[in-house]
Amino acid sequence: MKILVVYYSMYGHIHLMAEAIAEGAKSVSGATVEMRRAPETLSPEILEKMGALEAQKSFNHVPVCTVAELGTADAVIFGTPTRYGNMCGQMRQFLDATGQLWVSGALVGKAGSVFTSSATQHGGQESTILSFHTTLLHLGMVIVGLPYSFQGQMTMDEITGGSPYGASTIAGGKGERMPSINELDAARFQGRHVAAIAAKLSA
Ligand SMILES: Cc1cc2nc3c(=O)[nH]c(=O)nc-3n(C[C@H](O)[C@H](O)[C@H](O)COP(=O)(O)O)c2cc1C
């Protein structure tokens, strides 16, 4: 059972969440988990101006995903930073290249799940995940979220990401906040939950 974690990260927050998602998925017996990046669409000059090049050095060893390998997965967990309450353009462009998978039905009946990151607490995490789900439903995927059995999303003791729609982190206006223990726990839970459901779907 192959679980793909496909993500785009500009400053590293989604990358850290993706590692926790992968860790959770790997804990399910029979799961092989691979991490992949969505292809970059911005030039190195623009990335430099956005202050992203330095941060991306720590994860640019992660292979770039191809549309073909997306079709071979039993489940795909997508990670994207929010852009005005939606997925980022890099992920959108990648998904817009999946027409062949739609035609062949390669993802029909497979588990699909989404996690995200935003600068601010109410900056569009839920709209990013929910609007992402629309694409997954067109591809025929079975949507998996983050159930309340992950008790960490009930906490009132700290500011935290995480909702029934999926794990999330709050990066801060300057990207100064890294994923908290609770947010990483949510990501691990989601990874494990998706892999467990994928095992049932592929049985
Ligand atoms: C063009 C652009 C639009 C953004 N839109 C939002 C937004 O609507 N709400 C928000 O809270 N953060 C927004 N952000 C901040 C990013 O979501 C934040 O940098 C990201 O979650 C950090 O994750 P990363 O380090 O994995 O890239 C935006 C950033 C950019 C560059």
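Our subject is the structure that appears above.
Within any chain, residue numbers begin from 1 and follow the written order of that chain's sequence. Residue-level local features of this predicted model are given only where pLDDT is at least 70; pairs of side-chain atoms are given and counted only at 80 or more, and the full residue set underlies all totals for whole chains, interfaces and linings. The basis for every side-chain value is the complete set of heavy atoms in the structure, and neither hydrogens nor water enter the calculation.

Caption draft 1: Summary view of the pairing of strand S1 (residues 2-7). Of all the six residues making up S1, six are buried; the element is thus mostly covered by neighbouring parts of the structure. Both faces of S1 are covered, namely the face carrying Lys2, Leu4 and Val6 and the face carrying Ile3, Val5 and Tyr7. Orient the strands so they point away from the viewer, and a crossover whose first-strand-to-second-strand path over the helix runs clockwise is right-handed. Here a strand is any run of E in DSSP of at least two residues, a helix any run of H or I of at least four, and the numbering for each starts at the N terminus. Crossover handedness for the path S1 to helix H1 (residues 13-26) to strand S2 (residues 32-37): right-handed. Inspection of the sheet shows S1 paired to strand S3 (residues 75-81) by five bridges, in the parallel sense. The residue of S3 that forms the bridge with Val6 is Phe78. Three exposure classes are used, based on accessible area relative to the maximum for each residue type with a 1.4 Å probe and protein chains only: buried under 20%, partly exposed in between, and exposed over 50%. The rule for pairing is simple: two strands pair if DSSP sees at least two bridges between them.

Caption draft 2: How the structure looks around the side chain of Arg36. If you trace the backbone, Arg36 turns up in strand S2. A polar side-chain atom of Arg36 sits 3.0 Å from a polar atom in the side chain of Glu69. Whether two residues are in contact is decided by their heavy atoms: any pair within 4.5 Å suffices. Non-local contacts of Arg36, meaning those with residues more than four positions away in its chain, are made with Leu4, Val5, Val6, Tyr7, Val62, Pro63, Val64, Cys65 and Glu69. Contacts described as polar in this section are N or O atom pairs within 3.5 Å, which, within protein, must combine one atom able to donate a hydrogen with one able to accept it, while residues neighboring in sequence count only if both atoms come from side chains.

Caption draft 3: Highlighting the site of the ligand. Near the ligand you find 17 residues, and of these Ser9, Met10, His13, Ser117 and Gly123 are the closest. In the model, an oxygen atom of the ligand is placed 2.6 Å from a nitrogen or oxygen of the Ser9 side chain. In the environment of the ligand, an oxygen atom lies 2.8 Å from a nitrogen or oxygen atom belonging to the backbone of Ile14. Method for areas: the Shrake-Rupley scheme with a 1.4 Å probe, in which residue coverage is limited to the protein chains shown. Notes on the ligand: free accessible area 640 Å², of which the protein chains cover 81%. Among the elements of the structure, H1 and strand S4 (111-118) are those that each provide at least two residues to the shell around the ligand. Its residues assigned to classes, the shell around the ligand shows seven nonpolar, nine polar and one charged. The criterion for a residue being near a molecule or strand is simple. One of its heavy atoms has to lie within 4 Å of it. Asp, Glu, Lys and Arg are counted as charged, while Ala, Val, Leu, Ile, Met, Phe, Trp, Tyr, Cys and Pro are counted as nonpolar; the rest, among them Gly, fall into the polar class.

Caption draft 4: Up close: the environment of Leu184. Counting through the fold element by element, Leu184 comes out in helix H8 (residues 181-202). The contact partners of Leu184, leaving out residues within four places of it in the chain, are Leu16, Met17, Ala20 and Pro179.

Caption draft 5: Examining the nonpolar core more closely. Nonpolar cores were defined as sets of buried Ala, Val, Leu, Ile, Met, Phe, Trp, Tyr and Cys residues, with membership established by side-chain atoms within 4.5 Å. Counting 31 residues, the largest nonpolar core has Ile3, Val5, Tyr7, Val33, Met35 and Phe115 as the members making the most contacts within it. Taken together, the elements giving at least two residues each to this core come down to S1, H1, S2, S3, S4 and H8. Residues contacting Ile3, with those up to four places away along its chain left out, are Ala25, Ala31, Thr32, Val33, Glu34, Ala75, Ile77, Ala195 and Ala198.

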